[in-house]
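Chain by chain, the residues run as shown.
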Amino acid sequence: MKITRTLRTFAISALLVSLTFACAPNSNGEAAQTPGAGGAGAAGATDGTGADTSTGATTAGGADSGGDDYVPDAATGLAAAYSDYFPIGAAIEPTHLTSVPGILEAEFNHLTAENRMKWGNIEPTEGNFTWTGADQIADFARERGWKMTGHTFIWYRESPNWVFKGTIDDIKPRLKAHIDAMVERYGDVVDNWDVVNEAISDGAGYPVRDNPQYDEDVLYWAFEYAKQALEAQEAGSSAGKLYYNDYNVNLKIDSILPLLQTLADRGAQIDGIGLQAHVRTDWPSVADLRSTFEKIVDAGYKIKISELDVTVYNDYPPPTYALTPAPEVELTPELDATIGQRYGELFELFREYKDHITSVTMWGVSDDHTWLNTDPVPGRENYPLLFTDEHLPKQAYYEIKDF
Ligand code: GLA
């Protein structure tokens, strides 16, 4: 039974819900549009400085605010509601462990380090690992018996330049050393690794990106070293754990599958495909997602929903699909309901594919900490997650929990 709520914490203004979030979907499937377009991740540090800052986080709210009639309770939370379906994950920074500990504890049972395991953060210079943040998140998961996603080895953003200098013979030992170190430290708590992130570009026909990170040898050896590191820990333990991850997978799937086939033909083990799912309220359609799921399943891969959030803006409108920042809107009850409806239809689809989906991860917890407050329009409020800036549940929370 669905429970309908309104957001008492928000003034019901006479402001009409802006149509900016409901621009026509990309009908030709050509130009990319979502936050992922042009490369998700605002900072894109590639100089090994360890910068990341892809969240636009603020610290509003402090600890869980409670209030309303929401009381975090693991017995009735999301993870419990989905115990027969799939783990419910959240991508977090160490700050979440003190800003929303109650929500984490009550609603989730899987974690991704939003930034702390990215190469540029964790090994900014060769052989020098900064484990602290990732360790804090991993320990929080371990203490609760939860698993994590290891995010990520190969990515063209937020990875240091020193890794990919020289020939493949120069690169291979760096890859192996990094992957060995990561698997040694987190192999016990990570149940799936994003071995490769975002190899496919947005260009016509969605070719592989022209970056040294996506050289076929690099991709092959990343999967191979990941498998070897896991197998060295425990025979058979690599099974089901190695993923390719990308955004706009519904547009890119016909490029992703041949790329993975090429790597598999060389002997790479690839177990699944992560759909980041940085989606809009009106795009992509459930039908498009379903047909993408079907292609993935037909090709023999597992599916994970790795970075789910729902932007209320379309900043890449037709016909040009060029960045055209949409004006900021307020989170009215109507908009809250629209976001909720979207979450509801997405989770209905996910439940339908539960035998193929290994986890569903939200890219954040509450709207005060999301990269979408920064990217692609710095300072513009967005409302992509399940909890408000004040850490109260939105309609979306109830839509996906009560089914
Ligand atoms: C991509 C990356 C994530 C994150 C998001 C947005 O989707 O995979 O790590 O950076 O962009 O911040």
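What counts and how
Residues numbered from 1 in each chain as written. Predicted model: local features only at pLDDT ≥ 70, side-chain atom pairs only at ≥ 80, totals over all residues. Heavy atoms only, no water. Helix = DSSP H or I, 4+ residues; strand = E, 2+ residues; numbered from the N terminus. Buried < 20%, exposed > 50% of the residue type's maximum accessible area, 1.4 Å probe, protein only. Areas by Shrake-Rupley, 256 points an atom, 1.4 Å probe, with all protein chains shown as cover. Salt bridge = Lys/Arg side-chain N within 4 Å of Asp/Glu carboxyl O. Pairing = 2+ DSSP bridges. Lys, Arg positive; Asp, Glu negative; His and termini not counted. Polar contact = N/O pair within 3.5 Å; in protein donor to acceptor, adjacent residues only side chain to side chain. Axes fitted to C-alpha atoms, helices over the stretch in contact; angles between N-to-C directions. Parallel < 35°, antiparallel > 145°, perpendicular 65-115°, else oblique. Left-handed = near helix turned anticlockwise from the far one by under 90°. Contact = heavy atoms within 4.5 Å. Nonpolar A, V, L, I, M, F, W, Y, C, P; charged D, E, K, R; others polar. pLDDT = per-residue confidence, 0-100. Phe/Tyr/Trp six-rings, centres within 6.5 Å; stacked < 30°, edge-to-face > 60°. Lys NZ or Arg CZ within 6 Å of the ring centre and 35° of its normal.

Draft legend 1. The overall build of the chain, seen in detail. A count of helical and extended segments in the chain gives 11 helices and nine strands. The burial tally for the chain puts 58% of its 403 residues in the buried class. Of the accessible surface of the chain, which amounts to about 14,800 Å², a share of 52% is contributed by carbon and sulfur atoms.

Draft legend 2. Up close: the pattern of salt bridges. This model, assessed by the stated rule, comprises 19 salt bridges. Arg144 is the partner of Glu105 in a salt bridge, and the nearest nitrogen-oxygen pair spans 3.0 Å. Placement of Glu105 in helix α3 (residues 101–107) and of Arg144 in helix α5 (residues 132–144) is noted, with a sequence separation of 39 residues between them. Judged by relative accessible area, which is 38%, Glu105 ranks as partly exposed. Of the charged contacts, one joins Lys394 and Asp367 as a salt bridge, the two residues approaching to 2.7 Å between their closest N and O atoms. Taken as a pair, Lys394 in the loop between β9 (357–362) and α11 (395–401) and Asp367 in the loop between β9 and α11 lie far apart in primary sequence, 27 residues in all. Because the salt bridges share partners, they merge into one network encompassing Glu105, Glu143 and Arg144.

Draft legend 3. Representation of the pairing of strand β1 (residues 88–92). Counted residue by residue, β1 has five buried out of five residues, so it is predominantly covered. Of the two faces of β1, the one lined by Ile88, Ala90 and Ile92 and the one lined by Gly89 and Ala91 are each fully buried. In this structure, β1 lies alongside β9, joined through three bridges in parallel fashion. Counterpart to Ile88 in the pairing with β9 is Val360. Of the strand pairs in this sheet, β1 and strand β2 (residues 110–113) are connected by four bridges, and their pairing is parallel. Looking at the pairing, Ala90 lines up with Leu111 of β2.

Draft legend 4. Structural context of the side chain of Asp368. Summarising the element assignment, Asp368 is placed in the loop between β9 and α11. Among buried charged residues, Asp368 stands out as having no salt bridge; its nearest opposite-charge side chain is Lys394, 9.8 Å away. Looking at Asp368, its side chain comes within polar contact range of the side chain of Ser366, at 2.5 Å.

Draft legend 5. Here's a closer look at the packing of helix α9 (residues 286–298) against helix α10 (residues 333–352). Relative to each other, α9 and α10 sit at 25 degrees, their axes nearing to 11 Å. For the element pair α9 / α10, the angle class is roughly parallel. Handedness of the crossing formed by α9 with α10: right-handed. Contact with α9, carried on its side by Val286, Leu289, Arg290 and Phe293, involves Arg342, Glu345, Leu346, Leu349, Phe350 and Glu352 of α10 and no other residues of that element. Across the contact of α9 with α10, the residue classes tally to six nonpolar, no polar and four charged.

Draft legend 6. Quick peek at the confidence of the model for the chain. Put simply, the chain has an average pLDDT of 87, and 83% of its residues get 70 or more. Here residues 1–67 is a poorly scored stretch, pLDDT under 50, and it has 181 contacts once near neighbours within four places are set aside; other chains count.

Draft legend 7. Molecular detail of the environment of Thr292. Note that Thr292 resides in helix α9. For Thr292, a relative accessible area of 2% translates into the label buried. Residues Thr292 and Val249, spaced 43 residues apart in sequence, show a C-alpha to C-alpha distance of 7.5 Å. Here Thr292 is in contact with Val249, Asn250, Ile253 and Leu275, once residues within four sequence places are set aside.

Draft legend 8. Looking closely at the packing of aromatic side chains. Summed over the entire model, instances satisfying the criterion amount to 22 aromatic pairs. Ring geometry for Trp131 versus Tyr186: centroids 5.8 Å apart, planes at 70 degrees, classification edge-to-face. Here Trp131, found in the loop between α4 (119–122) and α5, pairs with Tyr186, found in helix α6 (residues 168–186); they are 55 residues apart in sequence, far enough to count as distant. A ring pair is formed by Phe293 and Tyr353, whose centres lie 5.1 Å apart and whose planes are at 75 degrees; its orientation type is edge-to-face. With Phe293 in helix α9 and Tyr353 in the loop between α10 and β9, this residue pair connects regions lying 60 residues apart in the sequence. For the residue pair Phe293 and Tyr353, the accessibility class agrees, reading buried in each case. Through successive ring pairs, a cluster of aromatic residues spans Tyr82, Tyr85, Phe86, Phe293, Phe347, Phe350, Tyr353 and Phe403. In this structure, Lys172 packs its charged tip against the face of Trp221, placed 3.9 Å from the ring centre.

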